[in-house]
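The lines below spell out each chain.
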Amino acid sequence: MTDTNLPVLLVVEDDEGLQRQLKWAYEGYRVVAAGDRQSAIEALRLYEPAVVTLDLGLPPDPDGTDEGFATLSEILRLKPDTKVIVASGHGARESALRAISLGAYDFYRKPLDIDELGLIVARAFHLHGIEAENRRHEAGGSTVLGSIISAAPEMQKVARTIERVANADVSVMLLGASGTGKELLARAVHDQSKRKNGEFVAINCAAIPENLLEAELFGYERGAFTGAVKTNPGKIEQAQGGTLFLDEVGDIPLPLQVKLLRFLQERVIERIGGRQPIAVDTRIVCATHQNLDAMTADGRFREDLYYRLAEIVVKIPALAERAGDAVLLARHFVNRFARELNSKVTGLSTDAVAAIDSHSWPGNVRELENRIKRAVIMADGKQLTADDLDLQGRAPQGEDAINLRAVRETADRRAIRQAMSRTENNISGAAKLLGISRPTLYDLLKQYQLTS
Ligand SMILES: Nc1ncnc2c1ncn2[C@@H]1O[C@H](COP(=O)(O)OP(=O)(O)OP(=O)(O)O)[C@@H](O)[C@H]1O
Ligand SMILES: [Mg+2]
């Protein structure tokens, strides 16, 4: 096995004998040695080690501490979160205090005791891990547009588009499978726009019976129909000065599409039973999980309406296409539900993380949110397991077995999913992209239970 997967421990030490000794001493790390300040800084940039041991007596000042302190300062300036463990034989107490005050993590006195240093190093890695984790969780660390959690470049792109168009007052159509965050992004469009102090009014066109949808959207006058006991402004009017979110816009019946188109062209509405046109200034954001191209092609959706609604089209990637986001979101939901539900759950087990990362999430973020919520309610332990999440974690044998296999499998799954989506599920095309034969791809699809 190569050691490239091990965490790097950078040893800055000019004594080659000691360098060698340290290389052999620590099996759990990949020990990279540097003999002077310049090579230490090069290694720091190249490997970004979490932990560095630093001998203060470096050339050209091997008997003093100046070069060592200069190196310490430079390391911390470049990578302030690095845990630097400083070593010196000269004037130990003074040097220790000075090093700590400069930001070193710990200090030990030469001559070297492998076991003692080993403990300090292990603790430093552990702490660095916890701190890195916390930084990832901090609000803002992996959020875009304020409230949307993502670290994936695919979503960063979506966020940049939304930022750019938010103020332009153009109509925005959000296309994405169910649970991808369409409503959240619609709100983001509103919040980023100059209409943010106006109302954000959402209406789900699929959830309202056809015969009531018109009244919901356009409102009605008293006496317009039986049961209209008082005048009621519709959703469009409520969104005056703000944003109107038409969710599942593909479900608007054709007759109402005509009426909506007229509003978009003239920016006036008439309530049902009303005689006064009412001017409404609102921005339209709409969303659908349906294929509107196909619907316009066979006449179920008006093409002219489509172009009015879709001045800007934003495609929201499925959760499985946002590398790393499932685990990121899972941790966020664990924290949130543990807090809201007063539960003792604090995190995810290794097998849960692997299972979350490799699951295909057909229900996207909504499915993830629901699974985590249920698991937080039902779990016995402090850490949610793949079992708690009802995800098939394969029974791992020992730590290494989990990691290596999980890592490989995750990479396989991701590559396959990407190839399949890029080729629109064309097996030959995907196999070619992946550099494998069609039968092999079939086997892998079956093995990983990925449907084509
Ligand atoms: N990137 C994200 N960060 C945090 N929460 C998210 C993210 N994406 C979605 N959610 C949450 O997931 C749930 C589903 O999101 P939303 O309702 O916006 O999706 P949708 O595409 O409108 O789904 P549906 O098709 O089911 O209506 C919501 O509770 C939302 O707050
Ligand atoms: Mg929705």
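Quick caveat, the model's predicted, so the values are computed rather than measured.

**Student:** Whenever I open this one, the overall build of the protein chain confuses me. Can you help?
**Tutor:** Along its length, the protein chain carries 18 helices and 18 strands. Here the C-alpha atoms of the protein chain give a radius of gyration of 30 Å, more than 25% beyond the 22 Å that 2.2 N^0.38 yields for 452 residues. Once the C-alpha set of the protein chain is aligned to its principal axes, its extents read approximately 95 × 55 × 45 Å. Counting all 452 residues of the protein chain, 45% fall into the buried class. Sequence separation of 24 or more characterises 65% of the internal contacts of the protein chain that already satisfy a separation of 6 or more. Working note: accessible area of the protein chain is about 23700 Å², and carbon and sulfur atoms make up 48% of it. Averaging the locations of the 56 positively and 63 negatively charged side chains of the protein chain gives two centres separated by 6 Å.

**Student:** What is the right way to look at the site of ligand 1 in this model?
**Tutor:** In the vicinity of ligand 1, 14 residues are found, and the nearest of them are I149, G179, K182, R366 and E369. Here G179 contributes a backbone N or O atom positioned 2.9 Å from an oxygen atom of ligand 1. One of the backbone N or O atoms of L184 is found 3.0 Å from an oxygen atom in ligand 1. Computed on the free molecule, ligand 1 has an accessible area of 620 Å², of which 84% lies beneath the protein chains in the complex. Sorting the residues of the shell around ligand 1 by element identifies β7 (148-149), α7 (182-192) and α15 (364-378) as the ones contributing at least two each.

**Student:** How should the environment of T53 be read in this particular structure?
**Tutor:** Note that T53 resides in strand β3 (residues 51-55). Here the alpha-carbon distance between T53 and G64, two residues 11 residues apart in the chain, equals 17 Å.

**Student:** Please clarify how the nonpolar core should be interpreted in this entry.
**Tutor:** Across soluble globular proteins, nonpolar side chains have a tendency to be buried as a group. If you look at the biggest cluster of nonpolar residues, it comprises 31 residues, and the most contacted ones within it are L213, L217, I236, L244, L246, F263 and L309. Elements represented by at least two residues in this core include exactly β9 (200-204), α8 (210-218), β12 (243-247), α10 (254-266), β15 (283-288), α11 (292-297) and α12 (303-309). The biggest single contributor to this core is α10, with five residues. Apart from the residues lying within four places of it in its own chain, the contact partners of F263 are F218, I236, V268, I269, V280, T282 and I284. Counting residues in each nonpolar core, the second largest holds 26 residues, with I149, V334, A352 and L391 among its members.

**Student:** Explain the pattern of salt bridges to me, please; I cannot follow it from the model alone.
**Tutor:** Pairing of side chains with opposite charge becomes possible as their charged atoms draw close. Under the definition given, this model contains 15 salt bridges. The residue E214 makes a salt bridge to K259 at a minimum N-O spacing of 2.7 Å. Placement of the pair is E214 in helix α8 and K259 in helix α10, with a sequence separation of 45 residues. When its relative accessible area of 18% is taken as the criterion, K259 is described as buried. Residue R300 is joined to D298 by a salt bridge in which the shortest nitrogen-to-oxygen separation is 3.0 Å.

**Student:** Which parts of the structure should I look at to understand the sheet that holds strand β4 (residues 83-88)?
**Tutor:** Backbone hydrogen bonds hold the strands of a sheet together, and the pairing may be parallel or antiparallel. One open sheet holds the five strands; their spatial order is β2-β1-β3-β4-β5, and the pairing between them is parallel. With one partner strand each, in any of the chains shown, β2 (30-34) and β5 (106-109) form the two edges of the open sheet. With direction set aside, neighbouring strand axes in the sheet form an average angle of 20 degrees. The strands touched by helix α3 (residues 66-78) within the sheet are β3 and β4, with β3 carrying the most contacts at an inclination of about 160 degrees. Of the strands in this sheet, β4 and β5 are in contact with helix α4 (residues 92-102), which crosses β5 at around 165 degrees.

**Student:** Can you help me understand the UniProt feature "domain: Sigma-54 factor interaction" (unreviewed entry) in the protein chain in this one?
**Tutor:** In the numbering used here, UniProt assigns the "domain: Sigma-54 factor interaction" (unreviewed entry) feature to residues 148-377. The distance from the first to the last C-alpha atom of residues 148-377 is 24 Å, and the span holds 45% helix and 16% strand.

**Student:** Looking at this model, I keep getting lost on the pairing of β3. Mind explaining?
**Tutor:** Within a regular strand, the side chains alternate between the two sheet faces. The element β3 is extensively covered by neighbouring structure, given that five of its five residues are classed as buried. Residue alternation in β3 divides its side chains into two sets, V51, T53 and D55 and V52 and L54, and both sets are buried. As defined by bridge partners, strand β1 (residues 8-12) adjoins β3 across four bridges and the pair is classed as parallel. Across the sheet, residue V12 finds its bridge partner in β3, namely L54. One ladder, built from five bridges, connects β3 with β4; its direction is parallel. Among the inter-strand pairings, L54 is bridged to a residue of β4, identified as V86. In this region the chain leaves β3, passes through α3 and returns to the parallel neighbour β4; the handedness of that crossover is right-handed.

**Student:** Explain a nonpolar patch on the surface here, please?
**Tutor:** A grouping of L341, I377 and M378 is seen on the molecular surface, where their side chains present a nonpolar patch of about 310 Å² in accessible area. Considering the arrangement of structural elements, one finds L341 in the loop between α13 (325-340) and β17 (347-348).

**Student:** Could you clarify how one ought to interpret the packing of helix α6 (residues 153-166) against α7 in this entry?
**Tutor:** Axis angle and axis distance: for two packed helices, these are the angle between their axes and the distance between the axes, and together they describe the pair. Where α6 meets α7, the closest approach of the two axes is 8 Å, and the angle between their N-to-C directions is 40 degrees. One finds that α6 runs oblique with respect to α7. Remark: the crossing between α6 and α7 carries right-handed chirality. Taken together, the residues of α7 that come into contact with α6 (itself represented by M155, V158, I162, E163 and A166) are L185, A188, V189 and Q192. For the contact of α6 with α7, the residue count by class is seven nonpolar, one polar and one charged.

Criteria and cut-off values
Residues numbered from 1 in each chain as written. Chains lettered and ligands numbered in written order. Predicted model: local features only at pLDDT ≥ 70, side-chain atom pairs only at ≥ 80, totals over all residues. Heavy atoms only, no water. Helix = DSSP H or I, 4+ residues; strand = E, 2+ residues; numbered from the N terminus. Rg over C-alpha atoms; globule rule 2.2 N^0.38 Å. Buried < 20%, exposed > 50% of the residue type's maximum accessible area, 1.4 Å probe, protein only. Contact = heavy atoms within 4.5 Å. Areas by Shrake-Rupley, 256 points an atom, 1.4 Å probe, with all protein chains shown as cover. Lys, Arg positive; Asp, Glu negative; His and termini not counted. Charge placed at Lys NZ, Arg CZ, Asp CG, Glu CD. Near = heavy atom within 4 Å. Polar contact = N/O pair within 3.5 Å; in protein donor to acceptor, adjacent residues only side chain to side chain. Core = buried A, V, L, I, M, F, W, Y, C linked by side-chain atoms within 4.5 Å. Salt bridge = Lys/Arg side-chain N within 4 Å of Asp/Glu carboxyl O. Pairing = 2+ DSSP bridges. Axes fitted to C-alpha atoms, helices over the stretch in contact; angles between N-to-C directions. UniProt positions renumbered as here; feature names shortened; annotations may be inferred. Right-handed = clockwise from strand over helix to strand, strands pointing away. Patch = residues over 30% accessible without salt bridge, like charges linked within 9 Å, V, L, I, M, F, W, Y side chains within 5 Å. Parallel < 35°, antiparallel > 145°, perpendicular 65-115°, else oblique. Left-handed = near helix turned anticlockwise from the far one by under 90°. Nonpolar A, V, L, I, M, F, W, Y, C, P; charged D, E, K, R; others polar.

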